[in-house]
Amino acid sequence: MNTRPIHLTVNNQGYEVLVPEDATLLELLREEIGLTGTKEGCGAGECGACTVILNGKPVNSCLVMALECEGASVRTIEGENADGELSDLQKAFIEHNAFQCGFCTPGMIMSARALLDTNPDPTHDEIKEAMEGNLCRCTGYEAIIAAIEAVGGIQK
Amino acid sequence: MTTATTATLANKEHRYIGKPVKRHDGFEKVTGQAQYAGDIKLSGMLYAKMKTSPHAHARILSIDASRARALPGVRSVITGEHGTAKVGIYMQDKSVIATDYVRYAGEVVAAVAADTLRIAEQAIELIEVEYEPLPALLDVCEAAAEGAPLIHPDLGSYAHSEGVFFPEPGTNIANHTRIRRGNMEAGFAEADIILENTFSQKQVFHVPLETHVTIVQWALDDQIKIWCSGQSPFSVRDLFAIGFEIDRNKIEVNIPFVGGGFGGKAGIHLEPLVGLLSRAAGGRPVKLVPTREEECATLPCRQGQFARIKTGCKKDGTIVAEAVEILWDAGAYADYGVNIGRASSTSACGPYYIPNVCIDAKTVYTNKLFGTAYRGFGHPECFFAIERQRDLMARELGMDPTDFRLKNMLYPGLTTVTGELVTENTGRPDKCLKSAARMIDLHTPYTEAEKAEMRLSGKYRAKAACVLQKAPAMPTWSASSALVQMNEDGSVRISVSGVDYGQGTYTVLQQIVAERLNLPIEKVNINRSVNTTLSPYDWQTVASRMTVICGMAVADAADDLKRQTLEIAAIALRASVHEIALGEGYVYVMQNPHLRVGFDKLAIGYVYENGNAIGGPLIGRGRAIAQGLSNLDPETGQGKAAIDWTYGAHAVELEVDTNTGDIEVLQFANCLDVGQVMNEQLLRGQTVGGILQGIGCALSEAVNYNDQGKMITNNFTDYKIPTFKDMPGEIKLDVVQTPQLDGPYGARGAGEHPLISVTAVIANALANATGAQFHDLPLSATRVHAKLEELREGQVNEIAEGMENFEPTACTA
């Protein structure tokens, strides 16, 4: 497999990496850069575990080709607690017990972050709508909604 | 908005038991720092890929892997041509890799380890396998019938737990468990009404978001290291050692953070396969990350079930006899599956007293994906059948289904179907049922205006309530052990080998130790990962047994640490042990509280001013075993099957759109008799999660195959689990707390129970809303709509009359 160089910004850090031509953004993050917080649940864009924020928008990184990300800005779960302190969302997830096994959690938090970026105080139904693409088998979702609502409430 | 309605349950007598303690692993999990098996990279690591059978049943004629072996970058290729070990837990019927036959589509026939995953994928395509396709047995009833072609002609030679499982060689029946009580003929003769029904359920998937990721390094001298996403570190070690005849001491199993299990990661799975690849590659570590498609088609699922229930009742609603025959659709292998048939038999009639009972549970091979443990261990399936049967019988009797249940309930003083006496401390299904019914106002009829609105819109609402029960299903000898060691600063660390893959077990264990030692919870740490060389023994993390059995082990270890601490403190304080007591992180003389010595001064040895030292590092050790369990009598099934029964009940109100068949769960209530709430927030998390998983089983989840036996639901497009949009409108929870005498602080397990009976209560409410009596699942919109169309053609006005058939008597709650 041929490799090609790519330049991009991840969590405000610049990277230049060689990636296989058919690599996904998920593979680039996990295997090349070593940011393993982002998870793969299905590889088909159906579960949301690999959600990252690409140029301001949430995407399933398993569906984005790495080579399409030349010059892009990516935010992952590792950038969520940027200043060495947990973000409001991360604190709310802990406070509300909004995770169990934790495998879907990075994707959940990134989807929720993208939602709050555009809609700082979402309603219950808006949260369900925005988060529908993120699957969780453990929690039954109730606590995740509570956590996101709590942050929305704070921001308001 | 879904609201929390659980009453505040904190017990004032305790400092940490029942108190709102946050999960221990929050920081790692919300930051992405938690390391799962898939996140591990080792020096020299190779990447594996599996080649699987496209046929549901075939003879392997030849395998040509020469081109794969010749591909640059390929370091090992394995096939089953020369035979291989059978590795398993209860019925050793499954080879590590298919040898002469494949018995399900998706079975592994070859595997490759290469420098990169891309090379491994390429190599797999170069392996040529020649098959002679054989007829596939896809229906469990056909497979169980006399004269059916045999899927395992060698069944009689398979090693299994003797006296516990009863295979029937010469058939496809891998185990036949029998429970007998009373006299069936006399029992049915007493009955005024006899009702016989059949129920069937397809296989379903566990769907952990993380697949069965496995890394193995099988180095020279059989030094083996395993890192896997598993629930059972010591079972992996044990079964690996038995399968390959290797000393336990040469095998080390590491379990990092685990991305969900639900039973599907209990026992042993890909570890032997990946191990063989590593050995063949000269001992380099090999990593296998199953794709979602492989997780669905190759890794095990929940078994399917076909049940026939015949119930005899007197006119007053007394159940006098019940015969239950269950055919478990094991799929191609019944290694773990035989125990599901055995264990769930003890619950097959539910928490009811029935004097004459005959239960036959047969675990039957078919040419489908094989089944394994799944949250509830056969009970969700048994309770769909039995709790549907209860509503159908109540309908025959013209009796309110709740009254019918309460009349026959298992009250203290009565005995279970295996002859176990129910005591005042066993738990109270009747109280749970009344509570669940009350939470949704089960017995408040809809007003005429509401009914008119339903007729107008075609959206019919109805309610129903069901009970549930389960005890841990495990060998009589299943045990846990624990260490609690004191650190230099007087804090403590707990070591156990139960795995916390999200349930919150570790947090509850921390609470127990903090309570026991009167330490702030922040000073009580617990291992995040498990290592079988460093951590004390535990059988498996299954069966809702951790809070109870591992809980008792850590309590024992904390008490042991406390004894040692007091012993050294007594010397240091120049007092007798009975004159001193534990403060918060120190020991003091009761008569002179200012005389004290800190834990930090005792932790690794007490040192006098002149340098003399006594004691040494304080290490508490504890253990617990499933005390008093017995094997069940082979002929009658009588014996002690359970250490603790957790009873519960669900109630639901749903709305069926008869125009489309869509079901919306408006409100869902659950009440469990947990003995003692250990952590309300964690309990709610487990309960809500279990309910939604159950709703998935009720409304959308089923593994489907084409007529050749090839799976057609091997991804999230074709196999839908509940999303945010499938949440009930409201979830209401309550608990009953009848203390379990031998549980820690009276607690019982509750991890599996929320999922049990969810399918039944929804199907019963659907029947009440529309008259549509489903005997199978899932209740998808398409299937419900089709059934309603049938009803419309057959019996005009039947729809919406369903609920009126059940004008309830006054609520007995």
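Now for a look at the structure at hand. (Residues numbered from 1 in each chain as written. Chains lettered and ligands numbered in written order. Predicted model: local features only at pLDDT ≥ 70, side-chain atom pairs only at ≥ 80, totals over all residues. Heavy atoms only, no water.)

**Topic: the pairing of strand β5 (residues 108–114) of chain B**
All names here are of chain B.
- Of all the seven residues making up β5, seven are buried; the element is thus mostly covered by neighbouring parts of the structure.
- With six bridges connecting them, strand β1 (residues 46–52) and β5 associate as antiparallel partners. Of the residues in β5, the one forming a bridge with A48 is A113. (Buried < 20%, exposed > 50% of the residue type's maximum accessible area, 1.4 Å probe, protein only. Helix = DSSP H or I, 4+ residues; strand = E, 2+ residues; numbered from the N terminus. Pairing = 2+ DSSP bridges.)

**Regarding the nonpolar core**
- Counting residues in each nonpolar core, the largest one holds 275 residues, and the members touching the most others are F93 and I148 of chain A together with L273, V587, I762 and L779 of chain B.
- Here this core gets 16 residues from one element, more than from any other, and that element is helix α15 (residues 546–573) of chain B.
- In contact with I762 of chain B, other than residues within four places in its own chain, are V652, L654, V665, I695, A698, L699 and L779 of chain B.
- In terms of nonpolar packing, the next biggest core, distinct from the first, is built from 22 residues, A58, V112, A120 and Y131 of chain B among them. (Core = buried A, V, L, I, M, F, W, Y, C linked by side-chain atoms within 4.5 Å. Contact = heavy atoms within 4.5 Å.)

**Here's the deal with the interface of chain B and chain A**
- In this complex, chain B contributes 51 residues to the contact, which on the side of chain A involves 52 residues.
- The tally of links between chain B and chain A comes to 10 salt bridges.
- As a salt-bridge pair, R118 of chain B and E27 of chain A come within 3.0 Å of each other at their nearest N and O atoms.
- Counting across the interface, chain B meets chain A through 27 residue pairs in polar contact (both at pLDDT 80 or more).
- Taken together, the elements giving at least two residues each to the side of chain B that touches chain A come down to α1 (26–31), α8 (292–297) and α17 (680–699) of chain B. (Salt bridge = Lys/Arg side-chain N within 4 Å of Asp/Glu carboxyl O. Polar contact = N/O pair within 3.5 Å; in protein donor to acceptor, adjacent residues only side chain to side chain.)

**Focus: the sheet that holds strand β19 (residues 524–526) of chain B**
Residue and element names in this part refer to chain B.
- In space, the four strands of this open sheet follow the order β19-β18-β17-β26, with mixed pairing throughout. What marks the edges here is a single partner per strand, and that holds for β19 and β26 (619–625). Mean inter-strand twist for the sheet, computed between neighbouring axes without regard to direction, equals 20 degrees.
- Pairing geometry for strand β17 (residues 479–486) and strand β18 (residues 492–495), over four bridges, is antiparallel. Each residue of the ladder has a partner; that of V484, found in β18, is I494.
- The strands touched by helix α14 (residues 505–517) are β17, β18 and β19; relative to β19, the strand with the most contacts, the crossing angle is about 145 degrees.
- The strands touched by α15 within the sheet are β17, β18 and β26, with β26 carrying the most contacts at an inclination of about 150 degrees. (Axes fitted to C-alpha atoms, helices over the stretch in contact; angles between N-to-C directions.)

**Re the pattern of salt bridges**
- Under the definition given, this model contains 50 salt bridges over all chains.
- With a shortest N-O distance of 2.8 Å, R30 of chain A and D39 of chain B are connected by a salt bridge. Within this pair, whereas R30 of chain A is found in helix α1 (residues 25–33), its partner D39 of chain B is found in the loop between α1 and β1, the two belonging to separate chains. The same class applies to R30 of chain A as to D39 of chain B, namely buried.
- Residues K265 of chain B and E210 of chain B are paired through a salt bridge, measuring 3.5 Å at the closest nitrogen-oxygen approach. Taken as a pair, K265 of chain B in the loop between β11 (251–255) and α7 (271–280) and E210 of chain B in the loop between β8 (193–201) and β9 (214–218) lie far apart in primary sequence, 55 residues in all.
- Overall, the relative accessible area of 2% leaves E210 of chain B in the buried class.
- In the salt-bridge network here, residues are joined through shared partners; they are R23, D25, K29 and D500 of chain B.

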